[in-house]
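# Architecture at a glance
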Amino acid sequence: MRRALEPQLNLWPVPSAPTGHPTESAYWRGSLASRTRSRDEQKQLGQFMTPAPIARFMAERLVVDRDWRGRTVRLLDPAAGSGVLASALVEAAVSSVQRPSRIELLMCELDPSMQPLLDACARELAALCARHGVAFEWHVQGGDFLQSAFARSNEPSIDAVIANPPYFKLAGHDERARAFAHAVHGQPNIYALFMASCASLLRDGGAFCFITPRSWTNGAYFRALRTHLVKQMAIDG
């Protein structure tokens, strides 16, 4: 017997071709790429593309009531995949009546096969920003975000983070768990480390929006994370 390829759940249809909108185009490219992987490979990478409607909802929540007029804003997606969430955030920012004058976007992605997709995504976003008179600069960072010097810097330099990080448990002796020992306990789930790191990278007035399980809201394993988040942030109503 051979292992069958199992596509993602078709909760939202995949367009037959890019639509000309960066968010939908990124989802189209990512969905096609993910269909070449088995479910086991997707789980190992924690790689499941966020549907465009969800990405837009998250981005709009991040941008609403943010006065970025005339400012340079720095945006981060620490688990970028094909760039769906990053695209939605940039689209929301340039569509706002309080749009910034310049956007600097950092997209981090472990899977090197996503690099060409992210480059294509960034080119579409650059064209979009140019049409709105917003300067745009981007950088794609390969490798494990949690092992990067930036993730561990604790330097507030980011205005908004949007993310759908991987979800799987780490052993307590994992080097990444040890690096974020201030915010994890026992056998942590890797998504908690993404939350802890990104909370420390936000500037005053910054915000993040994550897709995660709700397990972090209770239980001993996540107590340190909850304490860290309360110290760093407030919950939007």
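Refer to the structure printed above.
The sections below set out a description of the structure shown in this document. Treat the numbers as computed from the prediction; the structure is a model and nothing was measured.

The next point concerns the pattern of salt bridges. Summed over all chains, the structure comprises 12 salt bridges. Close ionic contact of Arg102 with Glu137 constitutes a salt bridge, the shortest N to O distance being 2.3 Å. Of this pair, Arg102 sits in strand S2 (residues 102-109) while Glu137 sits in strand S3 (residues 135-142); the two residues are 35 residues apart in sequence, bridging distant segments of the chain. Overlapping salt bridges bring together Arg74, Arg102, Glu104 and Glu137 as one network.

Here we come to the pairing of strand S4 (residues 158-163). In regular strands, side chains alternate between the two faces of the sheet. Counting buried residues along S4, six of its six residues qualify, which places the element largely inside the surrounding structure. In the sheet, strand S1 (residues 72-77) pairs with S4 via two bridges, with the strands oriented parallel. From the neighbouring strand, Leu75 faces S4, where its bridge partner is Ala160. Looking at chain direction, S4 and strand S5 (residues 202-210) are connected through five bridges and run parallel. Looking across to S5, one finds that Val161 is bridged to Phe208.

What follows concerns unusual backbone geometry. A positive phi angle, near 70°, is found at Asp65, a position not held by glycine. Mapped onto the secondary structure, Asp65 falls in the loop between helix H3 (52-63) and S1.

Here we take up the sheet that holds S2. With parallel pairing, the five strands of this open sheet are ordered in space as S3-S2-S1-S4-S5. Of all the strands in the sheet, just S3 and S5 have a single pairing partner and so form its edges. Neighbour to neighbour, the strand axes of the sheet diverge by 15° on average, direction disregarded. Where S1 lies against S2, six bridges are found, and the strand directions are parallel. Looking across to S2, one finds that Val73 is bridged to Ile103. Packing against the sheet, H3 makes contact with S4 and S5, and its axis sits at approximately 160° to S4. Helix-sheet contacts for helix H4 (residues 84-95) involve S1, S2, S3 and S4, and the interaxial angle to S2 is about 170°.

Below, the discussion takes up the side chain of Ser148. Structurally, the position occupied by Ser148 is in the loop between S3 and S4. A polar side-chain atom of Ser148 sits 3.1 Å from the main-chain amide nitrogen of Ala151.

Next up on the list: H3. Here H3 is 12 residues long and its end C-alpha atoms lie 16 Å apart, about the 16 Å a rise of 1.5 Å per residue gives. Packing partners of the buried residues in H3 comprise helix H1 (22-34), H4, S4 and S5. Positioned one or two residues after H3, Asp65 has a phi angle of 70°, which is positive.

Procedures and definitions
- In this numbering scheme, every chain counts its residues from 1 along its sequence in written order.
- Totals for whole chains, interfaces and linings use all residues, but because this is a predicted model, local features are given only for residues with pLDDT of at least 70 and pairs of side-chain atoms are given and counted only at 80 or more.
- The side-chain figures draw on all heavy atoms in the structure; neither hydrogens nor water molecules are used.
- For this analysis, a salt bridge means a side-chain nitrogen from Lys or Arg found within 4 Å of a carboxyl oxygen belonging to Asp or Glu.
- A run of DSSP states H or I qualifies as a helix once it reaches four residues; a run of E qualifies as a strand once it reaches two. Both are numbered from the N-terminal end.
- When accessible area is computed with a 1.4 Å probe and restricted to protein chains, residues below 20% of their type maximum are described as buried, those above 50% as exposed, and intermediate ones as partly exposed.
- A pair of strands counts as paired when DSSP detects no fewer than two bridges linking them.
- Every axis corresponds to a line fitted to the C-alpha atoms, with the helix fit spanning only the stretch in contact, and the corresponding angles, defined between N-to-C directions, vary from 0 to 180 degrees.
- In what follows, residue pairs with any heavy atoms lying within 4.5 Å of each other are defined as contacts.
- Polar contact is defined as a pair of N or O atoms within 3.5 Å, subject to the rule that within protein one atom must be able to donate a hydrogen and the other to accept it, and that residues adjacent in sequence are counted only when both atoms are side-chain atoms.
- Every helix has an expected span of 1.5 Å times one less than the residues it contains.

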